[in-house]
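Spelled out from the first residue to the last, the chains are:
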Amino acid sequence: MTKRIESLRVVENKKINKDYFLLRLTSQGKLPEMKPGQFVQVKVDGSPETFLRRPFSVHDVNYSGNTFRLLIQIAGKGTETLSRLSTGDSINVIYPLGNSFSLPEKNENILLAGGGCGIAPLLFLARYLNENGFTPDILLGFRSSERVMEYDEYAALGRIFLTTEDGSMGKKGFITDHPVLTANRYDVVYCCGPEPMMKAMAAYCRANSVRCEVSLENLMACGIGVCLCCTVETVRGNLCTCTEGPVFNINDLKW
Amino acid sequence: MVKLDFNINDLHFKNPVLAASGTFGYGVEFRDFFDISQLGGIVLKATTLEVREGNPYPRMAETPAGMLNSVGLQNKGIDHFEKNIYPVVSEFNTNVIVNVNGSYVEDYVTLAGRINALEKIPAIELNISCPNVKKGGMIFGTDPKSAREVIREVRKVYSKQLIVKLSPNVTDIVEFALIAEEEGADSVSLINTLLGMAVDVKRMKPSLATVTGGLSGPAVKPVALRMVWQVAKAVRIPVIGLGGIMNSRDAIEFFLAGASAIQVGTASFINPAVTIDILKGIENYLNEKGFSDIREIIGYINN
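Since the structure is predicted, the reported quantities are computational estimates derived from the model, not experimental observations.

Rules of the game
- Residues numbered from 1 in each chain as written.
- Chains lettered and ligands numbered in written order.
- Predicted model: local features only at pLDDT ≥ 70, side-chain atom pairs only at ≥ 80, totals over all residues.
- Heavy atoms only, no water.
- Helix = DSSP H or I, 4+ residues; strand = E, 2+ residues; numbered from the N terminus.
- Rg over C-alpha atoms; globule rule 2.2 N^0.38 Å.
- Buried < 20%, exposed > 50% of the residue type's maximum accessible area, 1.4 Å probe, protein only.
- Contact = heavy atoms within 4.5 Å.
- Buried area = accessible area lost by both parts, 1.4 Å probe.
- Salt bridge = Lys/Arg side-chain N within 4 Å of Asp/Glu carboxyl O.
- Polar contact = N/O pair within 3.5 Å; in protein donor to acceptor, adjacent residues only side chain to side chain.
- Pairing = 2+ DSSP bridges.
- Axes fitted to C-alpha atoms, helices over the stretch in contact; angles between N-to-C directions.
- Parallel < 35°, antiparallel > 145°, perpendicular 65-115°, else oblique.
- Left-handed = near helix turned anticlockwise from the far one by under 90°.
- Nonpolar A, V, L, I, M, F, W, Y, C, P; charged D, E, K, R; others polar.
- Core = buried A, V, L, I, M, F, W, Y, C linked by side-chain atoms within 4.5 Å.

(A) Up close: the overall build of chain B. Per the secondary structure count, chain B includes nine helices and 16 strands. A compact globule built from 303 residues would reach a C-alpha radius of gyration of about 19 Å, and chain B, at 18 Å, matches this within 12%. Over its C-alpha atoms, taken along the principal directions, chain B stretches across nearly 55 × 50 × 40 Å. Of all 303 residues assigned to chain B, the portion counted as buried reaches 64%.

(B) Examining the interface of chain A and chain B more closely. On the side of chain B, 33 residues touch chain A, which itself brings 29 residues to the contact. The largest per-residue losses of area from chain A upon contact with chain B belong to Phe51, Val226 and Leu228 of chain A, which jointly make up 27% of the total buried on that side. Connecting chain A to chain B are one salt bridge. The salt bridge involving Arg54 of chain A is made with Glu62 of chain B; its shortest N-O contact spans 2.8 Å. On inspection of chain A and its partner chain B, the count reaches eleven residue pairs in polar contact (both at pLDDT 80 or more). Listed by contribution, the elements that provide at least two residues to the side of chain A that touches chain B are strand S1 (4–15) and strand S15 (237–240) of chain A.

(C) Structural context of the sheet that holds strand S14 (residues 212–216) of chain B. All names here are of chain B. Spatially, four strands are ordered S5-S6-S14-S11 in an open sheet, and the strand pairing comes out antiparallel. One side of each edge strand has no neighbouring strand; the edge strands of this open sheet are strand S5 (60–63) and strand S11 (194–197). The mean inter-strand angle of the sheet, taken between neighbouring strand axes irrespective of direction, is 40°. Here S5 runs beside strand S6 (residues 66–69); their pairing, made up of four bridges, is antiparallel. When the sheet's bridge partners are listed, Ala61 is paired in S6 with Leu68.

(D) View of the packing of helix H5 (residues 173–182) of chain B against helix H6 (residues 221–234) of chain B. Residue and element names in this part refer to chain B. Direction vectors running N to C along H5 and H6 enclose 40°, while the axes themselves pass 9 Å from each other. The orientation of H5 relative to H6 falls into the category oblique. Crossing of H5 over H6 shows right-handed handedness. Within the contact between the two elements, H5 uses Ile173, Val174, Ala177, Leu178 and Glu181 and H6 uses Met227, Gln230, Val231 and Ala234. Tallied by class, residues from the contact of H5 with H6 come to seven nonpolar, one polar and one charged.

(E) View of the environment of Pro206 of chain B. Among the secondary structure elements, Pro206 of chain B is positioned in strand S13 (residues 205–206). Among all residues touching Pro206 of chain B, those that are not within four sequence positions of it are Ala198, Val199, Asp200 and Val211 of chain B.

(F) Main features of the nonpolar core. With 105 residues, the main nonpolar core has Phe81, Val89, Val164, Leu190, Ile262 and Ile282 of chain B as its most contacted residues. Within the second largest apolar cluster, 26 residues are counted, among which are Leu112, Ala120, Leu125 and Leu129 of chain A.

(G) Spotlight on the sheet that holds strand S13 (residues 211–215) of chain A. Residues and elements named next belong to chain A. If you walk across this open sheet you meet the seven strands as S11-S10-S9-S8-S12-S13-S16, and the pairing is mixed. Here the strands that pair on one side only, and so sit at the sheet edges, are strand S11 (171–172) and strand S16 (247–249). Across four bridges, the pairing between strand S12 (residues 188–192) and S13 is parallel. Bridged to Val189 within S13 is Cys212. Relative to strand S8 (residues 110–115), helix H2 (residues 120–131) is tilted by about 165°, and along the sheet it contacts S8, strand S9 (137–142) and S12. Sitting on the sheet, helix H5 (residues 195–207) is in contact with S8, S9, S12 and S13, with an inclination near 170° to S12.

Here is the structure:
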């Protein structure tokens with residue numbers, strides 16, 4: 001898949017809550033094919049404080065409308081600057097980057113598990129799975145009911161299960177506490193979220209011999225495999241999250 | 001038509017824009033973005049005798065107008081290079097330069113000897129300035145005696161173009177440039193990264209696993225420029241300038257200060273095609289100023 005550097009136009013900047021927003025972007029030309037799990041590198045504004053690009057998972061792609069979306073958490077100066085973008089503004093993007101989630105085998109029982117901002121790549125994955133004849137279960141975890149995002153969007157693509165840490169919506173606790181994990185026998189789990197969450201899910205999958213892929217979010221500079229900053233320890237040595245990942249099978253990781 | 005090509009001894013460069021080691025991979029990573037044969041040269045990432053896994057994560061921290069890295073020379077070693085990388089990079093229609101690093105003088109010598117035998121590699125950049133390894137690296141570049149020894153021994157076995165990459169983490173970089181010249185280096189490149197650090201106040205820990213790392217990006221440009229200017233006045237061999245070059249204006253500053261060629265490093269992380277923009281910008285500048293040859297502006301401010 002050829003990578004591009006392109007100036008993309010903001011079609012919509014939708015505030016979800018005080019910490020999250022959704023950017024819908026369009027290309028002047030035809031969007032390249034993207035795969036679930038892939039990411040983009042966004043140049044913020046070139047100011048000294050936001051010198052490097054920011055990596056974001058592709059949240060959703062709409063090929064017929066020639067747009068795709070990024071679900072972004074305001075975590076610092078860069079994302080805060082991006083949160084102020086308006087319709088019609090342009091941002092410079094390098095994309096599509098990284099590998100993608102693997103497709104499951106026929107008739108496999110699939111769970112998508114995400115927490116917080118980590119739910120971002122799972123919408124695209126759920127849609128992709130639907131298009132390929134799969135209906136996954138989707139387990140999402142948030143801190144509280146006010147933090148729940150995109151519920152209807154996910155619910156349209158599979159059976160949805162929810163946890164909140166304070167119990168204000170869905171089951172109380174972390175996603176790995178949800179009874180759906182004991183009630184069902186999954187063949188494969190695709191997971192993205194905070195590292196402790198992914199590690200807990202990886203432990204569950206190991207204990208139950210479930211195939212598991214996680215999407216990592218290591219700090220990176222280039223996004224194209226040359227700075228060697230975003231490495232993760234694997235059984236094959238240190239690998240770049242940006243090119244060998246961001247999606248890894250947990251058997252490859254030293255977790 | 002502006003003349004951009006030049007020679008360092010018998011090595012011809014089609015233009016003075018090179019990609020810096022450690023920021024350009026093996027070149028192949030950039031093929032989606034532009035035709036890398038348009039560059040004057042590319043310096044491949046550091047190669048060592050043995051396989052190196054590099055330093056633990058985190059290895060990177062963004063800093064004002066720059067970044068710190070502590071990669072630690074991660075690479076698959078010279079065997080892998082000869083077998084898997086060389087066949088690919090030898091097809092590139094540009095000068096492919098290998099950045100050579102080691103823990104001991106003998107490592108450098110062995111490596112240089114093996115790369116000397118690779119027909120399509122016309123030059124090595126002797127990295128005596130990596131700040132991110134415990135043994136070797138910068139030790140050779142910050143101690144005059146060690147610098148002299150490693151350059152002398154490598155020169156004995158390496159018959160092609162020897163570029164010595166200098167460390168800015170010294171009191172007087174000119175001293176090291178003169179040593180390189182005296183020991184037969186064909187050119188010097190400067191600067192490698194400046195030793196720095198950052199602390200994560202939220203986690204109350206150093207931002208890098210190794211605590212310290214190498215600072216690069218526009219933040220280091222004034223320091224790099226000053227050192228290039230000092231060295232260019234002191235040595236007769238060509239000086240390759242680098243450090244924080246983000247655009248053609250930055251590059252031209254280095255030429256005016258005395259650099260015969262420049263390398264672009266960290267800027268490629270932000271814009272993978274920036275080297276080509278810089279090349280075009282240099283050409284435009286020379287046209288606008290009415291120069292017909294890049295060599296007319298090299299060291300211009302010193303005249």
